[in-house]
Amino acid sequence: LAKTTQPISMDSYEGQEVNITCSHNNIATNDYITWYQQFPSQGPRFIIQGYKTKVTNEVASLFIPADRKSSTLSLPRVSLSDTAVYYCLVGGSNFGNEKLTFGTGTRLTIIP
Amino acid sequence: GAVVSQHPSWVICKSGTSVKIECRSLDFQATTMFWYRQFPKQSLMLMATSNEGSKATYEQGVEKDKFLINHASLTLSTLTVTSAHPEDSSFYICSARLGLGTDTQYFGPGTRLTVL
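Residues numbered from 1 in each chain as written. Chains lettered and ligands numbered in written order. Predicted model: local features only at pLDDT ≥ 70, side-chain atom pairs only at ≥ 80, totals over all residues. Heavy atoms only, no water.

Colleague: Explain the side chain of S50(B) to me, please; I cannot follow it from the model alone.
Modeller: All names here are of chain B. With respect to the secondary-structure elements, S50 resides in strand β5 (residues 45-51). Under the relative-accessibility criterion, S50 is labelled buried at 1%. Among the polar contacts made by the side chain of S50, one reaches the side chain of H71 at a distance of 2.8 Å. Dropping the residues within four chain positions of it, S50 is found in contact with T31, T32, M33, W35, A56, I69, H71 and S77. (Helix = DSSP H or I, 4+ residues; strand = E, 2+ residues; numbered from the N terminus. Buried < 20%, exposed > 50% of the residue type's maximum accessible area, 1.4 Å probe, protein only. Polar contact = N/O pair within 3.5 Å; in protein donor to acceptor, adjacent residues only side chain to side chain. Contact = heavy atoms within 4.5 Å.)

Dropping the structure here:
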């Protein structure tokens with residue numbers, strides 16, 4: 001299982017774009033990159049998943065360079081409700097029941 | 001889609017009693033479900049992988065006789081904390097894997113267990 005490294009915490013003002021970078025130097029060929037958001041006393045919520053280049057959905061964008069050793073979650077125009085812990089995970093393949101390992105996550109605090 | 005529920009959302013019990021937590025995939029079938037535990041200010045720690053129709057696979061350090069897992073159907077997995085003690089107090093979260101192809105897991109809302 002690839003180990004991930006993220007900043008422990010980040011602060012940002014409302015309305016700003018926030019980029020959280022995750023390092024995963026040992027990512028395997030079949031691994032996907034998945035980001036989750038967790039609010040206190042709630043289960044993690046799926047945000048976005050990608051394999052390479054760029055993925056965009058209604059809440060975020062995920063940028064993955066060609067070597068796939070890192071990825072960046074981009075949250076456009078954050079609001080106070082985006083204050084949460086964000087986890088980057090790598091893993092998954094098209095066979096088996098591969099488990100995911102959660103790292104420390106990034107605690108994002110949005111300042112009014 | 002991809003909704004996972006847990007019941008109960010919180011439970012308080014006396015030391016020595018057993019507590020059962022249910023995890024259901026509401027709109028999809030999950031051959032594999034996972035159980036996690038999370039202590040305050042910490043990350044999620046995988047406890048076990050639950051496979052429908054077979055025995056669960058426990059992570060190192062997790063007592064299988066204490067944390068009984070049953071995955072009786074494609075939409076239901078249960079975790080029973082037997083003879084609970086105060087140190088078992090934690091936030092228990094399940095997840096269900098959507099299917100083959102990618103390993104996207106969808107998480108339940110969690111169950112707060114407090115053992116007095």
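Still to come is the rest of the account.
Colleague: What exactly am I supposed to notice about the state of the cysteines here?
Modeller: Formally, a disulfide is one covalent bond, and it connects the sulfur atom of one cysteine to the sulfur atom of another. In the structure shown here, the tally under the stated rule is two disulfides over all chains. Covalent S-S linkage joins C22(A) and C88(A), the inter-sulfur distance amounting to 2.2 Å. Judged by the sign of its S-S torsion, about -80 degrees, the cystine formed by C22(A) and C88(A) is left-handed. With C22(A) in strand β2 (residues 18-23) and C88(A) in strand β8 (residues 84-91), this residue pair connects regions lying 66 residues apart in the sequence. Across this residue pair, the class does not change: C22(A) and C88(A) are buried. Each sulfur in the disulfide pair C23(B) and C94(B) lies 2.0 Å from the other. Taking the torsion about the sulfur-sulfur bond, which here is approximately 80 degrees, the covalent link between C23(B) and C94(B) counts as right-handed. (Disulfide = S-S within 2.5 Å.)

Colleague: Help me understand the sheet that holds strand β1 (residues 4-7) of chain B, please; the structure alone is not making it clear to me.
Modeller: For sheets, the rule is that strands pair by backbone hydrogen bonds, running either parallel or antiparallel. Residues and elements named next belong to chain B. Sheet architecture is open: four strands sit in the order β1-β3-β8-β7, paired in antiparallel fashion. Either end of the sheet is taken by a strand with one partner, and the two such strands are β1 and β7 (67-73). Taking the axes of each pair of neighbouring strands and ignoring which way they run, one obtains an average angle of 15 degrees across the sheet. Bridge analysis of strand β3 (residues 19-25) against strand β8 (residues 76-81) gives six bridges, and the strand direction is antiparallel. Within β8, the position partnered with C23 by the bridge is S77. (Pairing = 2+ DSSP bridges. Axes fitted to C-alpha atoms, helices over the stretch in contact; angles between N-to-C directions.)

Colleague: I keep staring at unusual backbone geometry and nothing clicks. Help me out?
Modeller: Glycine aside, negative phi is the norm for most residues, and most peptide bonds take the trans geometry. With an omega of 0 degrees, the peptide bond between H7(B) and P8(B) qualifies as cis. Position of P8(B) relative to the elements: it lies in the loop between β1 and β2 (10-13). Look at S41(A): it is not a glycine, yet its phi comes out positive at around 60 degrees. One non-glycine residue with positive phi stands out, namely T53(A), at about 55 degrees. Here T53(A) lies in strand β5 (residues 53-56). Look at T53(A) and you get exposed, because its relative accessible area is 52%.

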